[in-house]
Amino acid sequence: GQQVQQSPTSLVLQEGENAELQCNFSTSLNSMQWFYQRPGGSLISVFYNPSGTKQSGRLTSTTVIKERRSSLHISSSQITDSGTYLCALTNSAGNKLTFGIGTRVLVRP
Amino acid sequence: ETAVFQTPNYHVTQVGNEVSFNCKQTLGHDTMYWYKQDSKKLLKIMFSYNNKQLIVNETVPRRFSPQSSDKAHLNLRIKSVEPEDSAVYLCASSLDRKDTQYFGPGTRLLVL
């Protein structure tokens, strides 16, 4: 079965709305990483978050290892936040990432 | 600021041909990776090198072979491409195995 599951698969927001993206994993992990990908664009690392909460601007990531989940919160969404957000877990050996399918976010004016 | 470079950006070829993709990182990282992103946008690791040594080799067809001349370069060669090889191939690097990975822009391959 899939080791990393993301929800929702897609999300439409009105500009200014908040959103929470979920990532659940079925195996033990070394770390969790969130990526952002604009259509046709390259992957950009947003958070490297092995545990706890990290914030960067309007984005907040919270990883709870015991519960095998990580979330990405977008506050006051903007049109430029549109794109795909992927979570990936690093295996215990730390030598590879396993990705979720991603959450496609569309922010409308 | 781009620090992981991939060439070509886009490549169209026919079934049975050989292709080669290049990746170079200027971050001074020790570890490099190749991922495949299929039509459903799912990313899967293919290979990982640490200081020119292969450390991860996922189950990929034998026609795929990585090549590393030094720790800043990791190329990918595909002998005799198949239609299912059409995908975006992403190269990444990290300081060490457990560190944040930085991705290149990808090489989009279309096999006709």
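Keep in mind the model is a prediction, meaning the values are calculated, not measured. (Residues numbered from 1 in each chain as written. Chains lettered and ligands numbered in written order. Predicted model: local features only at pLDDT ≥ 70, side-chain atom pairs only at ≥ 80, totals over all residues. Heavy atoms only, no water.)

Engineer: Just give me the short version of unusual backbone geometry, but keep the residues and values in it.
Structural biologist: Note: most residues except glycine have negative phi, and most peptide bonds are trans. A:Ser7 connects to A:Pro8 through a cis peptide bond whose omega is -10 degrees. Among the secondary structure elements, A:Pro8 is positioned in the loop between strand 1 (4-7) and strand 2 (10-14). Of the consecutive residues B:Thr7 and B:Pro8, the connecting peptide bond is found in the cis state with omega at -5 degrees. Structurally, B:Pro8 can be placed in the loop between strand 1 (4-7) and strand 2 (10-13). One non-glycine residue, A:Arg68, lies in the positive phi region at around 55 degrees. Summarising the element assignment, A:Arg68 is placed in the loop between strand 7 (59-64) and strand 8 (69-74). Residue A:Ser76 is not a glycine yet carries a positive backbone phi of 45 degrees. (Helix = DSSP H or I, 4+ residues; strand = E, 2+ residues; numbered from the N terminus.)

Engineer: Outline the environment of B:His11, supporting the account with residue identities and numerical values.
Structural biologist: Residue and element names in this part refer to chain B. Inspection of the secondary structure assignment puts His11 in strand 2. Placed 18 residues apart in sequence, His11 and His29 show a C-alpha to C-alpha distance of 27 Å. Those residues in contact with His11, other than ones at most four positions away along the chain, are Val19, Phe21, Arg108, Leu109 and Leu110. (Contact = heavy atoms within 4.5 Å.)

Engineer: Can you lay out the layout of surface pockets for me, pointing to particular residues and giving the numbers?
Structural biologist: Approximately 540 Å³ is the volume found for the largest pocket. Surrounding the largest pocket, 24 residues form its lining, B:Leu42, B:Leu43, B:Lys44, B:Ile45 and B:Glu58 being those nearest its centre. Counting only elements with at least two residues in the lining of the largest pocket, the list comes to strand 10 (97-99) of chain A together with strand 4 (31-37) and strand 5 (43-50) of chain B. Looking at the lining of the largest pocket element by element, the count peaks at four residues for strand 5 of chain B. When grouped by side-chain class, the residues that make up the lining of the largest pocket number ten nonpolar, six polar and eight charged. Size it by volume and the second largest pocket reaches roughly 450 Å³. Elements supplying a minimum of two residues to the lining of the second largest pocket: strand 9 (83-90) and strand 11 (103-108) of chain A together with strand 9 (87-94) and strand 11 (107-111) of chain B. In terms of residue count, the dominant contributor to the lining of the second largest pocket is strand 11 of chain A (three residues). Here the residues of the lining of the second largest pocket sort into six nonpolar, 13 polar and five charged. (1 Å grid on protein atoms, 1.4 Å probe; cavity = no way out; pocket = protein on both sides within 12 Å on 5 of 7 lines; lining within 4 Å. Points joined across faces, edges and corners; volume = space filled by probe spheres on them. Nonpolar A, V, L, I, M, F, W, Y, C, P; charged D, E, K, R; others polar.)

Engineer: Let's hear about the nonpolar core: which residues, and what values?
Structural biologist: Soluble, globular proteins show a tendency: their nonpolar side chains are buried together. Within the largest apolar cluster, 19 residues are counted, with the highest numbers of intra-cluster contacts made by B:Phe21, B:Trp34, B:Leu76, B:Ile78 and B:Tyr89. Put simply, the parts of the chain that give this core at least two residues each are strand 3 (19-25), strand 4, strand 5, strand 8 (73-78), strand 9 and strand 11 of chain B. Ignoring anything within four residues of it in the chain, the contact list for B:Leu76 reads B:Val19, B:Ser20, B:Phe21, B:Trp34, B:Met46, B:Phe47, B:Phe64, B:Ser65, B:Pro66 and B:Tyr89. Core analysis: the second largest hydrophobic core is formed by 18 residues, A:Leu21, A:Phe25, A:Met32 and A:Trp34 among them. (Core = buried A, V, L, I, M, F, W, Y, C linked by side-chain atoms within 4.5 Å. Buried < 20%, exposed > 50% of the residue type's maximum accessible area, 1.4 Å probe, protein only.)

Engineer: Can you break down empty space enclosed by the protein residue by residue, with the values?
Structural biologist: Residue and element names in this part refer to chain B. The tally for this structure, following the rule as stated, stands at one cavity of 30 Å³ or more. Of the volumes computed, that of the largest cavity is approximately 30 Å³. As for the largest cavity, its lining consists of Asp30, Thr31, Met32, Tyr49, Asn51, Lys52, Ser68, Lys71, His73 and Leu74. The residue inventory of the lining of the largest cavity, partitioned by class, reads three nonpolar, four polar and three charged.

By themselves these figures say nothing about function.
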